[in-house]
Amino acid sequence: FKNDIGVIGMAVMGRNLTLNIASHGYTVSIFNRTPQKTEYIIKNFDNKTILPFFSISGFVNSLKKPRCILLMVQSGKATDNIILKLLSYLSSGDIIIDGGNSFYKDTIRRYYNLLKYNVNFIGAGISGGEYGALYGPSIMPGGNKSAYNFIKPILKSIAAKIGNESCISYIGPDGSGHYVKMVHNGIEYADMQLIAESYSMLRHILNLSNQDISDIFSQWNQGELNSYLIKITKNILKKKDSNGNDLIDCILDQADTKGTGEWACKEALELHEPLTLITMSVFSRYISVLKLQRILASNILLGPRNHCIIHNQSEFIEKIRQSLYLGKIISYSQGFSQLSHASQKYHWNLKYSNIAKIFRSGCIIQARFLNKIVEAYKYDNTTMNLLLSPYFQELANKYQNTLRQVVSDSIQYGVAIPVFSSAISYYDSYRTSFSSANLIQAQRDYFGAHTYKRYDQDGVFHTNWSSY
Ligand code: NBP
């Protein structure tokens, strides 16, 4: 008897995905470098369809051919090591699925390297954290399409559902699935930062209590902003610690990063994409880490002398809501624009409507408004920027004034809102038909003879600027 699929890596993600797969009637072989983790699963989860293996050869030999092996190990060297160990036991046509957060360029390299051995490699972004892995994640697979079609029934069965649709869709060739996951994670950074800045304005400008803010998020979750991140924020703000204190007030204000957000920003630089909100979200986490410097600076550097006064509290709360929604839209516009640029560069032929569809459940950025992105790209997959599509342009025109008021009020209060500020700056830059870059070009030509073009004449020009 041979098993349907094997999973390597029995940390939280691999374990929960294994339980999810087994709960759908598949037999699963499991392996982990450290045997205790494998033993733990067998002892603690009474599931006859999960079979433990303590050697790679035994694990590989236990699988039906062509073998399907899901890797859920740490990205980077650990993934390369385990692929190398597997390779000597695999046969032509076998399929390795890397469900970890691998860098897409590593996935491209692994894909073409394994092709030499006739081993199929699927780079699958998997989002939803440990809960999603157990009950239904969003899955973004890239690689060979016929290999994907072979493993599709298993992956489809474990993916999150929205109605009768599964949150999985073939993304495209080689590293495209992991690229989409990287941008997804970047978008997640900006969503979280926009929510945190909203919380900061409610807390430090309106002086509301955590309970009040939780109630506001609860109301927001009923409308346009309905999303997983708003829901968990509402819950976080109500949570008490064992002493009855608001837990949020006891949590140190230093946020970590794990890599995918930074990758998205580095890729933006490589592609010359203005991914300003995500980048500013990553920088905001870096500033958060400078706690000692911030404490020092708070005693040295002055803030605004006079606060403007918010006369109407409920009106300001509604303005923050509208600004948060527009900020989110601008961030997604940038993220999808980067996807489109990468798709052209790597010839991936991405279908943005399908990508937005699989983000609608299972993953961290799941949100009602993704339906609007699905519609926008279904109507036109070549849309240059979501802000130009009918629904989003109408919304941007409706909320842009509010966003600038909220940014201006917060600046006057001295409350930091770096991503809201980036949102309105990008918005204004994007809608400016005559920018100040003429001066930049002149400066470049002045000191470096970089040349410039003119509106009124064809050709490329250089001026001897120092002669009058
Ligand atoms: P970790 O990312 O913490 O990785 C731990 C696993 O990698 C363990 O099974 C460990 O084995 C194995 N491993 C390491 Br470390 N080095 C190894 C090596 N040289 N050879 C073989 N195995 C090795 O686990 P995770 O949080 O479950 O995440 C798994 C993957 O899924 C990662 O790529 C992660 O980025 C991605 N992911 C995580 C989340 C999340 O919410 N945690 C969400 C989405 C995707 P050991 O037990 O012997 O040390």
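Predicted model, so just to flag it, every value in this text is computed and none were measured. (Residues numbered from 1 in each chain as written. Predicted model: local features only at pLDDT ≥ 70, side-chain atom pairs only at ≥ 80, totals over all residues.)

**Some remarks on the site of the ligand**
Put simply, the rule reads: Near residues are defined by distance alone, with the backbone-placed C-beta atom required to lie within 6 Å of the molecule or strand. Going along the chain from the N terminus, every DSSP run of H or I of four or more residues is numbered as a helix, and every run of E of two or more is numbered as a strand. For this scheme, ten residues count as nonpolar: Ala, Val, Leu, Ile, Met, Phe, Trp, Tyr, Cys and Pro. Four count as charged, namely Asp, Glu, Lys and Arg, and the remainder, Gly too, count as polar.
Near the ligand lie 23 residues; those nearest to it are A11, M13, R33, A78 and G100. Mapped by element, the contributors of at least two residues to the shell around the ligand are α1 (12-23), α4 (77-87), β6 (120-127) and α6 (129-135). Tallied by class, residues from the shell around the ligand come to nine nonpolar, 11 polar and three charged.

**Focus: the environment of F59**
Quick reminder of the rule: Residue burial is a threshold on neighbouring C-beta atoms within 10 Å of the residue's own C-beta, all placed from the backbone, with 20 or more meaning buried, 12 or fewer meaning exposed, and counts in between meaning partly exposed. Residues are defined as contacting one another if the C-beta atoms placed from their backbone atoms lie within 7 Å.
Considering the arrangement of structural elements, one finds F59 in helix α3 (residues 56-61). Its 25 C-beta neighbours within 10 Å are what place F59 among the buried residues. Along the sequence, F59 and I69 sit 10 residues apart, while their C-alpha atoms lie 9.7 Å from each other. Dropping the residues within four chain positions of it, F59 is found in contact with G6, S29, F31 and F53.

**Some words on the domain arrangement of the protein chain**
Quite often, the size of an interface is put as the accessible area lost when its parts meet. For clarity, the threshold we go by: The split of the chain into domains comes from an automatic or database domain assignment.
Looking at the assigned domains, one finds that the protein chain contains domain 1 (5-174), domain 2 (181-430) and domain 3 (442-468). One C-alpha centre belongs to domain 2, the other to domain 3; they are set 40 Å apart.

**Examining α1**
Test applied: In a helix, the anticipated span is given by 1.5 Å times the number of residues less one.
The end-to-end C-alpha separation of α1 is 17 Å, in line with the 16 Å expected for 12 residues at 1.5 Å each. Residues of α1 that are buried: M13, G14, R15, N16, L17, T18, N20, I21 and A22. The first or second residue beyond α1 is G25, which carries a positive phi of 90°.

**Here we look at the packing of helix α8 (residues 176-204) against helix α14 (residues 313-346)**
The description of two helices packed together rests on the angle between their axes and the distance between the axes. Filter applied, for reference: Axes here mean lines fitted to C-alpha atoms, for a helix over just the part in contact, with angles spanning 0 to 180 degrees between N-to-C directions. Here roughly perpendicular refers to angles of 65 to 115 degrees, roughly parallel to angles under 35, roughly antiparallel to angles over 145, and oblique to all remaining angles. The sense of a crossing depends on the near helix, which, turned anticlockwise from the far helix by less than a right angle, makes the crossing left-handed and, turned clockwise, makes it right-handed.
In the contact formed by α8 and α14, the axes pass within 10 Å of each other and the chain directions differ by 165°. Overall, the two elements α8 and α14 adopt an arrangement that is roughly antiparallel. By crossing handedness, the relation of α8 to α14 is classed as right-handed. Seen from α8, the contacting residues are Y179, V180, V183, G186, I187, A190, D191, L194, S198, M201 and L202; seen from α14, they are I320, L324, G327, K328, S331, Y332, G335, Q338, L339 and A342.

**Description of the sheet that holds strand β5 (residues 95-98)**
To keep things clear, this is the line we draw: At least two DSSP bridges between two strands are needed for those strands to be called paired.
Spatial ordering of the open sheet is given by β3-β2-β1-β4-β5-β6-β7, a layout of seven strands whose pairing is mixed. Each edge of the open sheet carries a strand with a single partner, namely β3 (50-52) and β7 (138-143). Here the strands of the sheet are splayed against their neighbours by 25° on average, with no regard to which way each runs. In the packing of helix α7 (residues 145-158) onto the sheet, the strands contacted are β1 (5-8), β4 (68-71), β5, β6 and β7, and the crossing angle to β7 comes to about 165°.

**Description of the UniProt feature "active site" (unreviewed entry) in the protein chain**
To keep it simple, the criterion reads: UniProt positions are given in the numbering used here, feature names are shortened, and annotations may be inferred rather than shown by experiment.
UniProt's entry tags K181 and E188 with the feature "active site" (unreviewed entry), counted in the numbering of this structure. Inspection of the secondary structure puts K181 in helix α8. Setting aside its immediate chain neighbours within four residues, K181 contacts N101, G125, S127 and M140. As for its placement among the helices and strands, E188 is situated in helix α8. Ignoring anything within four residues of it in the chain, the contact list for E188 reads I364 and I365.

**A word on the pairing of β1**
The side chains of a regular strand alternate, residue by residue, between the two faces of the sheet. Both faces of β1 are covered, namely the face carrying I5 and V7 and the face carrying G6 and I8. For β1 and strand β2 (residues 28-31), the ladder comprises four bridges, and the chain directions are parallel. Bridge pairing in β2 links I5 to V28. The pairing of β1 with β4 spans three bridges and is parallel. Within β4, the position partnered with V7 by the bridge is L70.

**Considerations on the nonpolar core**
Spelled out, the test is: Joined through C-beta atoms within 7 Å, a set of buried Ala, Val, Leu, Ile, Met, Phe, Trp, Tyr and Cys residues constitutes a nonpolar core.
Grouped together as the largest cluster of nonpolar side chains are 125 residues, with contacts concentrated most on L71, I96, I97, I278, F420 and A423. By residue number, the principal contributor to this core is α8, which donates 13 residues.

**Topic: unusual backbone geometry**
With glycine set apart, most residues show a phi of negative sign, and most peptide bonds adopt trans. Look at the link from K65 to P66: it is a cis peptide, with omega at -10°. Here P66 shows up in the loop between α3 and β4. With a phi close to 60°, N118 is a non-glycine residue in the positive phi region. We note that H347 has phi near 55°; this positive angle belongs to a residue other than glycine. Of note, H347 is situated in the loop between α14 and α15 (352-358). For H347, a count of 10 C-beta atoms within 10 Å gives the class exposed.

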